[in-house]
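Per-entry structural report
Listed below are the residues making up each chain.
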Amino acid sequence: MKILFITSNRLGDAILSTGILDALGQRNAQVELTVACGAIPAPLFREWPGLQELIILKRKPFLGHWFSLWEKVVRDSWDIVVDVRGSAIAYCVRAKQRFIWRSTTTLNHRVEQLAAMAGVNPVPYPRIYFAKERIQKLKPYFEDGRPMIALAPTANWIGKEWPHEYFLKLIGDITKEGGILPKARVAVFSAPQERSRIKDFLAQIPSEQLIDCAGNFELLDIGAFFSQCRLFIGNDSGLMHLAAATGIPTFGLFGPSLDQHYAPYGYKTGYVRTPESYEILKKRQQAGEQGSLMTNLTVESVLEALEQFWRRVSE
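This write-up is about the structure you can find in this document. (Residues numbered from 1 in each chain as written. Predicted model: local features only at pLDDT ≥ 70, side-chain atom pairs only at ≥ 80, totals over all residues. Heavy atoms only, no water.)

1. Here we look at the sheet that holds strand β5 (residues 94-100)
Read across the sheet, five strands follow the order β3-β2-β1-β4-β5 without closing on themselves; strand pairing throughout is parallel. Of all strands in the sheet, those with a lone pairing partner are β3 (51-56) and β5, marking the two edges. Put simply, the sheet's adjacent strands are angled 15° from each other on average, direction ignored. Bridging between strand β1 (residues 2-6) and strand β4 (residues 77-83) involves four bridges; their strand directions are parallel. (Pairing = 2+ DSSP bridges. Helix = DSSP H or I, 4+ residues; strand = E, 2+ residues; numbered from the N terminus. Axes fitted to C-alpha atoms, helices over the stretch in contact; angles between N-to-C directions.)

2. What about the layout of surface pockets?
Empty space within the largest pocket amounts to approximately 910 Å³. Lining the largest pocket are 33 residues, and of these Leu11, Gly12, Asn156, Ser237 and Gly238 sit closest to its centre. Listing elements by their share of the lining of the largest pocket, those giving two or more residues are α1 (11-16), α8 (219-227) and α9 (238-246). Counted as a void, the second largest pocket has a volume near 170 Å³. In terms of lining residues, the second largest pocket is bounded by 13 residues, among which Asp22, Gln26, Tyr125, Arg127 and Tyr267 are the most central. Contributing elements (two or more residues each) for the lining of the second largest pocket: α2 (18-27) and α9. Looking at side-chain class alone, the lining of the second largest pocket contains seven nonpolar, four polar and two charged residues. (1 Å grid on protein atoms, 1.4 Å probe; cavity = no way out; pocket = protein on both sides within 12 Å on 5 of 7 lines; lining within 4 Å. Points joined across faces, edges and corners; volume = space filled by probe spheres on them. Nonpolar A, V, L, I, M, F, W, Y, C, P; charged D, E, K, R; others polar.)

3. Brief notes about α2
Among the 10 residues in α2, seven count as buried, and that is most of the element. Residues of α2 that are buried: Thr18, Gly19, Ile20, Leu21, Asp22, Ala23 and Leu24. Tucked inside the fold, the buried residues of α2 contact β1, α1, β2 (32-37), β4 and α4 (110-118). (Buried < 20%, exposed > 50% of the residue type's maximum accessible area, 1.4 Å probe, protein only. Contact = heavy atoms within 4.5 Å.)

Here it is as structure tokens:
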């Protein structure tokens, strides 16, 4: 079964598309998989079962990247072509089945929209695959037996970032005696280019509690690390979706993004959002407001929602 899977340049969107890829692969024995995507999410697929080729789409003038992709795949006959980018490529190759993304006005979650596009039922959760050796490599971080919280205080846009001082207060509340994870250590993650924004934040976490992973791990190692944590907390970001795909309890913080489409999606996921709607926050952004648009999401309201979430996933 030869499958061509064309997915996003963006990390979060690529992760959300992995559920349908996994479902199609499990339906068919002896899959020969070719994945085409952007450079950032490409490492997600390096250890995917049946992967034959990973094609990184590098933007070229006059849509030349699509022509380059076509040249690489046109000689093959495909059993299934899935294109979550909605390009013309799927129509320009030989294929028995084609599943092509088309924009929709539905308020369903993006994962559910993709499942409907590919005719996959029940809706599959996003997931990632990585070698067991990656977990073995990370064992020293977990040797003391204390629970580990994965924290992602950054996002691809500062407007989506909950204030760092709020994160610090929340960490104190949940790791103190009587908190949901007393004496837990905190592993902080970010993209390499975001690390400079959290230098002061990292400096304020006690050294005996902090595991500084910000910008220091490759993507599949981050996924392996997440899979060993007790809890993930973070802004709406690709790392939030990566945590959910590993199956750990994942709690997202939302403001100027659509939680209806992009809330974490998985076995044990939850989120809380600002009192203001996405539409109101976007208008504030368009009016030129700088900095975080999530300051009205209080620590108290996040802690209350997180404790309710924790009771639910811990049952």
